Amino acid sequence: MPPNLQTNLVLDPASEIETVLSLGYVEEIHPERRIRCAVLGCGMMGQEHISYIMGYPNISIQFLCDTHEPSLEKSMDVIQEFHKKGSQLHIPELCRSEEELLKRADDIDLLVIATPNHLHTDCILGWGARDISILCEKPVAVSLEQHCRLSEFMRSSDFSARVWV
């Protein structure tokens, strides 16, 4: 059983992705065009999300981003494993910093944030002004200060992303 299914306190990432798709919050995609996804944070939870995303033929992982090279390598192993099972192979671009990934923001429809918990707020603040769908691991904030910054930004007219936690 995947670690995210071992407790009822954590939602199943596959269900979260299904919700994002079924509610139509990712802009209407032409049937021949796949949803362009980026995974920010490729540790254990990032790899878990990758394994779920690979099961959706209408989503293409375009970018993997992590500062830790072994996590990027392991994530590529996860993608290669799905290719062996018959999934169409697309080799994502590897980014080694969030700044590098932000330069490609126009090529991303769906961002999965699976960074360490204390970085979630800054990631949402960095991406939230874009017209993008974001699926963020919880918690989105680990301190009152982060919560206040995030709440203020999300109420502002600068915030345009759709965020699921």
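A brief report on the enclosed structure follows. (Residues numbered from 1 in each chain as written. Predicted model: local features only at pLDDT ≥ 70, side-chain atom pairs only at ≥ 80, totals over all residues. Heavy atoms only, no water.)

## Here we look at the side chain of Thr 121
With respect to the helices and strands, the residue Thr 121 is situated in helix H5 (residues 120-127). Within polar-contact distance, the side chain of Thr 121 engages the backbone oxygen of Val 140 at 2.5 Å. Not counting residues up to four positions away in its chain, the partners in contact with Thr 121 are Val 140, Ala 141, Gln 146, Arg 149 and Leu 150. (Helix = DSSP H or I, 4+ residues; strand = E, 2+ residues; numbered from the N terminus. Polar contact = N/O pair within 3.5 Å; in protein donor to acceptor, adjacent residues only side chain to side chain. Contact = heavy atoms within 4.5 Å.)

## A look at helix H2 (residues 44-53)
A large share of H2 lies buried, amounting to eight of its 10 residues. Considered for burial, the residues of H2 that qualify are Met 45, Gly 46, Gln 47, Glu 48, His 49, Ile 50, Tyr 52 and Ile 53. (Buried < 20%, exposed > 50% of the residue type's maximum accessible area, 1.4 Å probe, protein only.)

## Here's the deal with the pattern of salt bridges
Per the stated rule, a full pass over the model turns up seven salt bridges. Put simply, Arg 96 and Glu 69 hold a salt bridge, and the shortest N to O gap is 2.9 Å. One end of the pair, Arg 96, is in the loop between strand S3 (93-95) and helix H4 (98-102); the other, Glu 69, is in helix H3 (residues 69-84), with 27 residues separating them in the sequence. Among the ionic pairs, Arg 149 bridges to Glu 145, the shortest N-O distance being 3.2 Å. Of this pair, Arg 149 and Glu 145 both sit in helix H6 (residues 144-155), four residues apart, which is roughly one turn of that helix. With a relative accessible area of 32%, Arg 149 lands in the partly exposed category. (Salt bridge = Lys/Arg side-chain N within 4 Å of Asp/Glu carboxyl O.)

## Observations concerning the sheet that holds strand S5 (residues 133-136)
Taken in spatial order, the six strands of this open sheet run S3-S2-S1-S4-S5-S6, and their pairing is parallel. If you trace the sheet from one side to the other, it starts and ends with S3 and strand S6 (162-164), each paired once. Going across the sheet, the axis of each strand differs from the next one's by a mean of 25°, ignoring polarity. (Pairing = 2+ DSSP bridges. Axes fitted to C-alpha atoms, helices over the stretch in contact; angles between N-to-C directions.)

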